[in-house]
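Secondary and tertiary structure notes
This is what each chain is made of:
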Amino acid sequence: MKKIEAIIRVSKFQAVKEALHAIDIDFFSYYDTVGVGNEKNRKGSYRGTSTDTEFISRRTLNIVVRDVNLKKTVDCLLKAAYTGEVGDGKIFVWTIDESYRIRTGESGDDSMYNKD
Ligand SMILES: Nc1ncnc2c1ncn2[C@@H]1O[C@H](COP(=O)(O)OP(=O)(O)OP(=O)(O)O)[C@@H](O)[C@H]1O
Ligand SMILES: [Mg+2]
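Residues numbered from 1 in each chain as written. Chains lettered and ligands numbered in written order. Predicted model: local features only at pLDDT ≥ 70, side-chain atom pairs only at ≥ 80, totals over all residues. Heavy atoms only, no water.

**Focus on the packing of aromatic side chains**
Evaluated as defined, the whole model comprises three aromatic pairs. Consider the rings of Phe13 and Tyr30, whose centres lie 4.6 Å apart with planes at 50 degrees: the pair is tilted. Of this pair, Phe13 sits in helix H1 (residues 13-22) while Tyr30 sits in strand S2 (residues 29-35); the two residues are 17 residues apart in sequence, bridging distant segments of the chain. Residues Phe28 and Tyr30 carry aromatic rings whose centres are separated by 6.2 Å and whose planes lie at 55 degrees to one another, so their mutual orientation is tilted. (Phe/Tyr/Trp six-rings, centres within 6.5 Å; stacked < 30°, edge-to-face > 60°. Helix = DSSP H or I, 4+ residues; strand = E, 2+ residues; numbered from the N terminus.)

**With respect to H1**
Taken together, the buried positions of H1 are occupied by Phe13, Val16 and Leu20. The buried residues of H1 occupy an angular sector of 65 degrees when the element is viewed end-on, so they sit on one face. Turned more than 90 degrees from where H1 packs its buried face, His21 and Ala22 sit exposed. For H1, the secondary structure elements touched by its buried residues are strand S1 (2-8), S2, strand S5 (56-65) and helix H2 (70-80). (Buried < 20%, exposed > 50% of the residue type's maximum accessible area, 1.4 Å probe, protein only. Arc of directions from axis to C-beta. Contact = heavy atoms within 4.5 Å.)

If you want it as structure tokens, here you go:
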């Protein structure tokens, strides 16, 4: 199993969700994220008050998939979250050692939705 962390634009969330659904990846956690990217230290002002735009709002998706579904999920994210402008986000992948479904006690791939 692999865990995919995708930090995306909030404006792309709906499109990403629908694209994942279209490839049968119907399960993920997400949370709103404050981050710092290349755009850091860009200070502005609004009506005379200094605004701090150093921190950038993004949305982070955490998706755990069976190894067999890693590539299609990453490809889907790369496509659906893309605008081509600076700040499109990042994707990180790491290996999950163990997974359990609490209700049944199933573990590993058996505890995942995305069985083929
Ligand atoms: N190395 C990193 N580790 C953890 N989070 C990161 C990292 N790089 C970026 N992020 C998070 O991703 C968000 C979006 O990053 P961003 O898209 O600006 O990446 P980038 O590498 O600067 O790409 P770009 O050149 O398109 O701006 C950041 O606001 C931050 O929340
Ligand atoms: Mg950046």
